[in-house]
Amino acid sequence: MDPSQTRCPICGGSMKKVEAGLNRSWGNVILTSYGSSQLQIRQESGPWHTYMTPSRSAEGLYCTDCGALTIAPTRSVDL
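Since this is a predicted model, take the numbers as computed values, not measurements.

1. Some points on the overall build of the protein chain
Along its length, the protein chain carries one helix and five strands. Put simply, the protein chain runs from its N terminus to its C terminus through helices and strands in the order β-α-β-β-β-β. Per-residue burial for the protein chain yields a buried fraction of 20% across its 79 residues. Counting contacts in the protein chain only where the partners sit at least 6 residues apart, residues at least 24 apart contribute 48% of the total. Accessible surface, the protein chain: about 5800 Å² in total, of which carbon and sulfur atoms supply 50%.

Pasting the structure below:
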């Protein structure tokens, strides 16, 4: 991903390269009994698909103007 060649799809602002991940604090781990976090996506009225887990980070682009985040996981998701 080259942020210098990409404009935000929402506002047209500048994009900055970032890394996205599901990170948890020790307080969160204690409160949730070591439960696992997953970022899931779905199309309208479709089943949920796991997009990201705590063990898998992803490249991302962050808009410095409106805060939009675009992420690309390290493996594909079948929708």
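2. A closer look at the environment of Ser-37
In this structure, Ser-37 sits in the loop between helix 1 (26–31) and strand 2 (39–41). Looking at Ser-37, the relative accessible area reads 24%, which means it is partly exposed. Linking Ser-37 and Pro-54, residues 17 residues apart in sequence, is a C-alpha distance of 6.5 Å.

About the thresholds
Residues numbered from 1 in each chain as written. Predicted model: local features only at pLDDT ≥ 70, side-chain atom pairs only at ≥ 80, totals over all residues. Heavy atoms only, no water. Helix = DSSP H or I, 4+ residues; strand = E, 2+ residues; numbered from the N terminus. Buried < 20%, exposed > 50% of the residue type's maximum accessible area, 1.4 Å probe, protein only. Contact = heavy atoms within 4.5 Å. Areas by Shrake-Rupley, 256 points an atom, 1.4 Å probe, with all protein chains shown as cover.

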